[in-house]
Amino acid sequence: MPLSHVDDAGRPAMVDVSDKSVTKRSATAEVRVLLGEAIMQELTAKGFATKKGSVTQTAIIAATMAVKQTWSVIPLCHPLPIQGCEVTVDPADDGSLRIHCTVTTEGKTGVEMEALHGAGVAALTIYDMCKAMSHAIVIDGLRLVQKRGGKSDYDGE
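What counts and what doesn't
Residues numbered from 1 in each chain as written. Predicted model: local features only at pLDDT ≥ 70, side-chain atom pairs only at ≥ 80, totals over all residues. Heavy atoms only, no water. Salt bridge = Lys/Arg side-chain N within 4 Å of Asp/Glu carboxyl O. Helix = DSSP H or I, 4+ residues; strand = E, 2+ residues; numbered from the N terminus. Expected span 1.5 Å × (residues − 1). Bend = angle between axes of the 7 residues up to and from the residue. Buried < 20%, exposed > 50% of the residue type's maximum accessible area, 1.4 Å probe, protein only. Contact = heavy atoms within 4.5 Å. Core = buried A, V, L, I, M, F, W, Y, C linked by side-chain atoms within 4.5 Å. Disulfide = S-S within 2.5 Å. Pairing = 2+ DSSP bridges.

A short note on the pattern of salt bridges
Next up, step 1: Considering all chains together, one arrives at eight salt bridges under this definition.
Next up, step 2: The closest approach of N and O atoms between Arg 32 and Asp 140, which form a salt bridge, is 3.2 Å. Taken as a pair, Arg 32 in strand 1 (residues 23–34) and Asp 140 in strand 6 (residues 138–148) lie far apart in primary sequence, 108 residues in all.

Remarks on helix 2 (residues 55–73)
Next up, step 1: In a regular helix each residue adds 1.5 Å, so 19 residues correspond to 27 Å; helix 2 covers only 24 Å between its end C-alpha atoms and thus falls short of that length.
Next up, step 2: Its maximal kink placed at Val 67, helix 2 deviates by approximately 45°.
Next up, step 3: Regarding helix 2, the residues found buried are Val 55, Thr 56, Ala 59, Ala 62, Ala 63, Ala 66, Val 67 and Thr 70.
Next up, step 4: Looking at the packing, one finds that the buried side of helix 2 touches helix 1 (37–45), strand 2 (49–50), strand 3 (53–54), strand 4 (84–91), strand 5 (96–107) and helix 3 (112–130).

So, the nonpolar core
Next up, step 1: Leu 35, Leu 97, Ile 99 and Ile 126 are the most contacted members of the largest nonpolar core, which totals 31 residues.
Next up, step 2: Contributions of two or more residues to this core are made by strand 1, helix 1, helix 2, strand 4, strand 5 and helix 3.
Next up, step 3: At eight residues, helix 3 tops the list of elements feeding residues into this core.
Next up, step 4: In contact with Ile 99, not counting residues within four places along its chain, are Ala 29, Glu 30, Val 31, Val 33, Val 87, Thr 88, Val 89, Ala 119, Ala 122, Ala 123 and Ile 126.

Section: unusual backbone geometry
Next up, step 1: Of note, Phe 48 is a non-glycine position whose phi angle comes to about 65°, a positive value.
Next up, step 2: Looking at the secondary structure, you find Phe 48 in the loop between helix 1 and strand 2.
Next up, step 3: Judged by relative accessible area, which is 12%, Phe 48 ranks as buried.

Brief notes about the environment of Ile 126
Next up, step 1: Relative to the helices and strands, Ile 126 is located in helix 3.
Next up, step 2: When the C-alpha positions of Ile 126 and Val 89 are compared, they lie 9.9 Å apart, and in sequence the two are 37 residues distant.
Next up, step 3: Beyond its immediate sequence surroundings of up to four residues, Ile 126 is in contact with Val 33, Leu 35, Val 55, Ala 59, Val 89, Leu 97 and Ile 99.

Describing the environment of His 5
Next up, step 1: Checked against the element boundaries, His 5 lands in the segment before strand 1.
Next up, step 2: Through-space distance from the C-alpha of His 5 to that of Leu 76 is 7.4 Å; in sequence the pair is 71 residues apart.

Describing the state of the cysteines
Next up, step 1: In this structure the tally under the stated criterion is zero disulfides.
Next up, step 2: The cysteine Cys 77 is free of any disulfide, with Cys 101 supplying the nearest cysteine sulfur at 13 Å.
Next up, step 3: Here Cys 77 falls in the buried class, since its relative accessible area comes to 12%.
Next up, step 4: With no disulfide of its own, Cys 130 lies 19 Å from the sulfur of Cys 101, the closest cysteine sulfur.

Things to note about the pairing of strand 5
Each regular strand shows side chains that alternate between the opposite faces of the sheet.
Next up, step 1: Bridge analysis of strand 1 against strand 5 gives twelve bridges, and the strand direction is antiparallel. Looking at strand 5, one finds that Thr 23 is bridged to Gly 107.
Next up, step 2: Bridging between strand 4 and strand 5 involves eight bridges; their strand directions are antiparallel. The partner of Val 87 across the bridge, within strand 5, is Cys 101.
Next up, step 3: Taking the residues that link successive antiparallel strands as the turn, the strand 4-strand 5 hairpin has four residues, and the phi of Gly 95 there is positive, at about 80°.

In structure tokens, the structure reads:
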């Protein structure tokens, strides 16, 4: 399958979406931030509050901001009107926080990159807010979970 962001001469090129139809599109990405049991116990005991503020709430805000700016960070992404962004940050039994970022729009191109970017920035924000407790924090498994709209749907779960 040919790469969509490369022209016939092999140069990078933004995909021309002018002939595509406007459809409702959504994408969900997930990532896991493995903090470890000790950090999770400390955060849980404090309601996820740190000297820098709420770890989970700050991650949600950071993800939302990232979603809206994806086009300015990923060189060949189209700027899109984001119509919805839902981010969850939930503790898991393995000493991690699991992040899900779902993005919706009506447009000519999908929002997979926006969902991935949002989830990734949320994870980096959690790392930043918790690194004083440990530098052994692991960000793992950033992936697209689901995509709807456009030429095809995708269910990665």
